[in-house]
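Residues per chain, in single letters:
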Amino acid sequence: MEFKKVSWFFLLSFCALTSSAQYSVSGTVADEKNGEFMPFVTITYNGLQQGTNTDIDGKFTINSSIPITKISLSFIGYKPKEISSDEIDFSKPITVKLTPVSYSLGEFVVKPGENPAHRIIKKASENRKTNNPESISFKYETYNKFIFTAAIDSFILNNPDTINSLDTTDQKTIEFFNKQHLFMMESVTERKFIPPDNSYEKVLASRVSGFKNPSFTALATQFQSFSFYNDPMIINYTTYLNPIGNRSTEKYLFLIQDTLYQNETDSIFVISFRPLKDKNFKGLQGVLFINTNGYAIQNVIAEACEKSELSNIKITQKYEQINNQWFPTQLNTLLSFPNTMVNNHSLVGIGRSYIKNIEINPELKKREFGSVAVDLNKEAYKQEEGFWNEHRIDTLSEKEKTTYQVIDSISEAENLELKLKFFEAATNGYLPIGPVNLDLNRLLDANAYEGFRLGMGVTTNFKISEKWRLSGYGAYGFKDKAFKYGGDFEWKINRRKGIGFKTWYQVDVKETGSITFFEKKRWLSTETTRNFLINRMDSVQEIGGFFYFRALSHFTFHLFGLQSEYNATNDYQFAKKLSPEITSLRNNFTFLEGGIQVRFAYKEKYLLTQDGSVSLGTKYPIIYFKYSQNIPYEIGNDFEFQKIDLKLDKTFYIKNLGKSSFRLAAGKVIGDVPLQKLVAHPAAFQNGFITSEYSFETMRLQEFYSDEYFHGFFRHSFGSLLLKTKDFEPEVVVVYSTAWGKMINIQNHRNYSFNTLEKGFHETGVELHHLFTLGFSSFGIASYYRFGPYQLQNAKDNFTYKFSFRIKFD
């Protein structure tokens, strides 16, 4: 197998060395219990300290100029094994199985200054920046393969008598998985990179069993970090403290398990690691192989120290020296899903990424990079078999070929490609029915003003066009006894550049004084739960449209215009001065507005698919700026005003402390206008209700209005750092929220009771999440306290108690 390009000098030296070997033995090493191949097992021969390690796939070869009389194998957590030459068939590869043993390091105590592993770990930490492959420019190609199958004990597979004793269902399951996998996908990509974060990866080929849509392709490489040097590091979308990060010896227990002498100058230290007893943090456990040549990671095996009932991941990485730079050449991933069963056998995912054709410090220009980080070419699935054979590391096994053949035939018979598109639509809140999607979000809703809202919405889907979309809806509120309806049309002009146009018309209701931006709502966010509490709304007839596009690398623009007519559904009236002597009392208002919205997300990256672009996020703040101006043209629309809204969102991780997030929002209305165009501060008071992010949990609905405002929301999650036992691991979140506002001409607003916020509003709270879990759903409790100038006279009225709801994936 070819894993890298080598210089002619190295190649000739290698050939000269191996040509002198007269004796050799090769084979694989596997776990006796589950049959998994074991990477990086230490193998020595003839009682010498020199030897080798199995590669990342558990394979090894020993070449010697003297007869091999015995080989010795050892690995942490397994019983050492010694095999004599009498037990070895030198004419073919052998298979060696190691027996796992239970061991505990819980009582192991290392006194300060006495642990020899610390010196090595500290040197590895000091050289982290130099050895990190993402500190240099590079190019490479990858071949990725990922399969999903059932975890069946190797003892059962190798014992026919045991299989025969099982029931018919289990026998058929084992027979099925002996012949094929459940699911399989392959991809070939090329990537180029300039530090610190200019990255572009293009998918050259993609193949997924049962599907021609390459949407799954990015999955294979998203579970683990490309480099093990980042601190903190992300594995399976969870943040962990890196065992070779700064001051990691204060958090982790390190033990030297073995030392292998590679040549006359370099050694490899095999060091196990796991969190120290009584240290509470998100930690990993595993084995590091540190090469004294630069004190770099040569191999690493790592997994979460704490197991989850939903999913667990184990990663394995192999590094080699390319032009004097340590660089990953293979990344393996093992996913396990303990509670996802396939006929009594848990589901597992096995991934392999082989990195080859590596170029260190190639000539790259920053202008070659843009906002697209991963480009899923829609032609990638059309590659011929010759292309695949050229890029695969090994030919497909019979089981893998059968997986493609069987699943592809099932897909064609069952039309799985079409069902996949339907599934993708359903996860976004749509139910496909022929050429249209039923909008599930429109079926049933509720709020304090409308009561239960029953409706229906439909939108055209990809069967009609992938370029444009036409939607319509209708609804009825059982409390306000009113019908609502509307529709919109969107044309996606250029998906790659994010260019498009949308227009809409609706007759509906809106919260009085609501703040809106053109943005996608966050999936699974609790930010909108306060909508159930809204009890004051206006009837609105609106027609509008906007043109949107991405430009200047980090900006997204919306140029918009809309005409709207608001009718107050309560006794509210606005006193409009027509002259010093004449005042007009109104409860219906017409506006004609035009404006611009700018979204700035510095270094935000996108995943480009055939269906459009998907944000991969950014570590920098995301800023929204929206400006609108009313154009007066008749009586009823004789308001002269401008409105400015600004919002900033930021989330960041604090090492050893958890994750913080904050939102800052501010705005101003310039001109004398009714409440419909002012700001209702986002209140969400209701004891016993669900918490709502970025809302004031102790503020009463419509308690405050302003024409100039500021909101500040801060949240810090300690994760399980503060409260953690063996079976109880709640997430602790502290919250602080503040608001300020003022209003001129408050006397112009009649028959509507509210306060202003010149003195500032403050509240704080504590949330305990994940007290109880049910599948992927988790529940908790929260309490908030209102203080400061607007504290209520009755002390108990300043408290509110709520429930929390979250989706939990780990």
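What you see is a predicted model; the values in this text were computed from it and never measured.

Focus: the overall build of the chain
The helix and strand inventory of the chain stands at 9 helices and 45 strands. Within the chain, the proportion of its 810 residues that are buried is 48%. Taking the contacts inside the chain whose residues are at least 6 apart along the sequence as the reference set, 64% of them involve residues at least 24 apart. Entry remark: accessible area of the chain is about 40,000 Å², with carbon and sulfur atoms responsible for 55%.

Structural notes on the pairing of strand 40 (residues 708–717)
Within strand 40, 8 of the 10 residues are buried, which leaves the element mostly enclosed by the surrounding structure. In the sheet, strand 37 (residues 658–670) pairs with strand 40 via 10 bridges, with the strands oriented antiparallel. Considered in strand 40, the bridge of Lys659 is made with Ser717. Here strand 40 runs beside strand 41 (residues 731–742); their pairing, made up of 10 bridges, is antiparallel. When the bridges of strand 41 are listed, Phe714 appears paired with Tyr736.

Focus on the sheet that holds strand 30 (residues 573–577)
In spatial order, the strands read 31-30-42; together these 3 strands make up an open sheet with antiparallel pairing. Two strands lie at the open edges of the sheet, namely strand 31 (583–586) and strand 42 (749–750), each paired on one side alone. Pairing between strand 30 and strand 31: 4 bridges, direction antiparallel. Each residue of the ladder has a partner; that of Lys576, found in strand 31, is Ser584.

Points about the pattern of salt bridges
For the coordinates displayed, the defined rule picks out 35 salt bridges. Glu450 is paired through a salt bridge with Lys484; the nearest N and O atoms lie 2.8 Å apart. With Glu450 in the loop between strand 23 (444–447) and strand 24 (451–460) and Lys484 in strand 26 (residues 482–494), this residue pair connects regions lying 34 residues apart in the sequence. With relative accessibility at 2%, the residue Glu450 sits in the buried group. Here the residues in one salt-bridge network are Glu450, Arg453, Asp480, Lys484 and Asp508, joined through shared partners.

Quick notes on the sheet that holds strand 5 (residues 70–74)
Strand pairing within a sheet occurs via backbone hydrogen bonds; the two strands may be parallel or antiparallel. Across the sheet, which stays open at both edges, the 4 strands sit in the order 3-2-5-6 with antiparallel pairing between neighbours. Pairing within the sheet leaves two strands with one partner each, and these edge strands are strand 3 (51–53) and strand 6 (81–84). This sheet shows a mean twist of 20° between the axes of neighbouring strands, independent of strand direction. Bridge count for strand 2 (residues 42–45) against strand 3 is 3 bridges, and the pairing is antiparallel.

With respect to the nonpolar core
As a rule of thumb, nonpolar side chains are buried together in soluble globular proteins. Of all hydrophobic cores here, the largest spans 43 residues; its most connected members are Phe228, Phe254, Ile271, Leu284, Leu288, Ile290 and Ile297. Ranked by residue count, the leading element in this core is strand 16 (residues 296–304), at 5 residues. Judged by nonpolar contacts, the second largest core, of 27 residues, contains Ile56, Ile62, Val287 and Ile301.

Focus on the side chain of Asp31
By the element assignment, Asp31 lies in strand 1 (residues 23–31). Notably, Asp31 is buried but unbridged: the nearest opposite-charge side chain belongs to Lys314, and the N-O separation is 7.3 Å.

Re empty space enclosed by the protein
If you walk through the whole model with that rule in mind, you get 5 cavities of 30 Å³ or more. As a volume, the largest cavity reaches approximately 80 Å³. Lining the largest cavity are 14 residues, and of these Tyr694, Ser695, Arg715, Val735 and Ser737 lie nearest its centre. For the lining of the largest cavity, the elements supplying multiple residues, two or more each, are strand 40, strand 41 and strand 43 (761–774). Counted by class, the lining of the largest cavity contains 6 nonpolar, 3 polar and 5 charged residues.

What about unusual backbone geometry?
Negative phi is the rule for most residues except glycine; trans is the rule for most peptide bonds. Residues Pro195 and Pro196 are joined by a peptide bond in cis, for which omega reads 5°. If you trace the backbone, Pro196 turns up in the loop between strand 9 (183–194) and strand 10 (198–208). Going from Asp231 to Pro232, the amide bond is cis rather than trans, its omega being 0°. Relative to the helices and strands, Pro232 is located in the loop between strand 10 and strand 11 (233–235). The backbone phi angle of Asn357 is positive, close to 50°, even though this residue is not glycine. Of note, Asn357 is situated in strand 19 (residues 345–360).

Focus on the confidence of the model for the chain
Predicted confidence across the chain gives a mean pLDDT of 85, with 88% of residues reaching 70 or more. Within the chain, strand 35 (residues 622–630) carries the highest mean pLDDT (97), whereas helix 1 (residues 8–19) carries the lowest (39).

Re a nonpolar patch on the surface
On the surface, Ile690, Phe728, Leu771, Phe772, Leu774, Phe779, Ile781, Phe803 and Phe805 cluster together into a nonpolar patch covering about 800 Å² of accessible area. Those elements that place two or more of their residues in the nonpolar patch are strand 43, strand 44 (777–787) and strand 45 (799–807). Broken down by element, the residue count for the nonpolar patch peaks at 3 residues, all from strand 43. On the accessibility criterion, Ile690 (34% relative accessible area) is partly exposed.

Notes on the pairing of strand 31
Side chains of strand 31 alternate between two faces, with Ser584 and Arg586 buried and Thr583 and Leu585 left unburied. In textbook terms, the turn of a hairpin is the stretch between consecutive antiparallel strands, and for strand 30 and strand 31 this stretch comprises 5 residues.

Considerations on the environment of Lys378
Tracing the backbone through its elements, the reader meets Lys378 in the loop between strand 20 (372–376) and helix 7 (385–391). On a C-alpha basis, the gap between Lys378 and Thr609 in space is 7.2 Å, while along the polypeptide they are 231 residues apart.

Focus: the environment of Ile88
Mapped onto the elements of the fold, Ile88 is located in the loop between strand 6 and strand 7 (94–98). Classification of Ile88 by relative accessible area gives buried; the value is 8%. Taking the C-alpha atoms as reference points, Ile88 and Thr69, separated by 19 residues in sequence, lie 9.4 Å from one another. Aside from chain neighbours lying at most four places away, what touches Ile88 is Val25, Ile71, Ile83 and Ile94.

A short note on the packing of aromatic side chains
Per the counting criterion, the structure on display carries 57 aromatic pairs. With centroids separated by 6.2 Å and ring planes inclined at 85°, the aromatic side chains of Tyr229 and Tyr319 adopt a geometry described as edge-to-face. With Tyr229 in the loop between strand 10 and strand 11 and Tyr319 in strand 17 (residues 312–322), this pair connects stretches of sequence that are 90 residues apart. Since its relative accessible area comes to 2%, Tyr229 is described here as buried. Ring geometry for Phe779 versus Phe805: centroids 5.5 Å apart, planes at 50°, classification tilted. With a gap of 26 residues between them, Phe779 in strand 44 and Phe805 in strand 45 connect regions that are remote in the sequence. Three or more aromatic residues link up through ring pairs in this structure, and these residues are Tyr566, Tyr572, Phe574, Phe589, Phe591, Phe639, Phe641, Tyr705, Tyr752 and Phe754.

Thoughts on helix 2 (residues 116–126)
Within helix 2 the residues assigned to the buried category are Ala117, Ile120, Ile121, Ala124 and Ser125. Taken around the axis of helix 2, the buried residues stretch over an arc of 140°, which confines them to a single face. Exposed residues on helix 2 whose side chains face more than 90 degrees from its buried face are Pro116 and Glu126. The inward-facing, buried residues of helix 2 contact helix 3 (128–131), strand 13 (252–261), strand 14 (267–275) and strand 15 (284–291). The residue sitting at the N-terminus of helix 2 and contributing the capping side-chain oxygen is Asn115; that oxygen lies 2.9 Å from the backbone nitrogen of Ala117.

Structural notes on the environment of Asn567
Considering the arrangement of structural elements, one finds Asn567 in strand 29 (residues 555–568). On the basis of relative accessible area, Asn567 is assigned to the partly exposed category, the value being 29%. Counting along the chain gives 27 residues from Asn567 to Val540, while the straight-line C-alpha distance between them is 6.4 Å. Beyond its immediate chain neighbours, meaning those up to four positions away, Asn567 contacts Asp538, Ser539, Asn587 and Asn588.

Reading guide: rules and limits
- Residues numbered from 1 in each chain as written.
- Predicted model: local features only at pLDDT ≥ 70, side-chain atom pairs only at ≥ 80, totals over all residues.
- Heavy atoms only, no water.
- Helix = DSSP H or I, 4+ residues; strand = E, 2+ residues; numbered from the N terminus.
- Buried < 20%, exposed > 50% of the residue type's maximum accessible area, 1.4 Å probe, protein only.
- Contact = heavy atoms within 4.5 Å.
- Areas by Shrake-Rupley, 256 points an atom, 1.4 Å probe, with all protein chains shown as cover.
- Pairing = 2+ DSSP bridges.
- Salt bridge = Lys/Arg side-chain N within 4 Å of Asp/Glu carboxyl O.
- Axes fitted to C-alpha atoms, helices over the stretch in contact; angles between N-to-C directions.
- Core = buried A, V, L, I, M, F, W, Y, C linked by side-chain atoms within 4.5 Å.
- Lys, Arg positive; Asp, Glu negative; His and termini not counted.
- 1 Å grid on protein atoms, 1.4 Å probe; cavity = no way out; pocket = protein on both sides within 12 Å on 5 of 7 lines; lining within 4 Å.
- Points joined across faces, edges and corners; volume = space filled by probe spheres on them.
- Nonpolar A, V, L, I, M, F, W, Y, C, P; charged D, E, K, R; others polar.
- pLDDT = per-residue confidence, 0-100.
- Patch = residues over 30% accessible without salt bridge, like charges linked within 9 Å, V, L, I, M, F, W, Y side chains within 5 Å.
- Phe/Tyr/Trp six-rings, centres within 6.5 Å; stacked < 30°, edge-to-face > 60°.
- Arc of directions from axis to C-beta.
- Polar contact = N/O pair within 3.5 Å; in protein donor to acceptor, adjacent residues only side chain to side chain.

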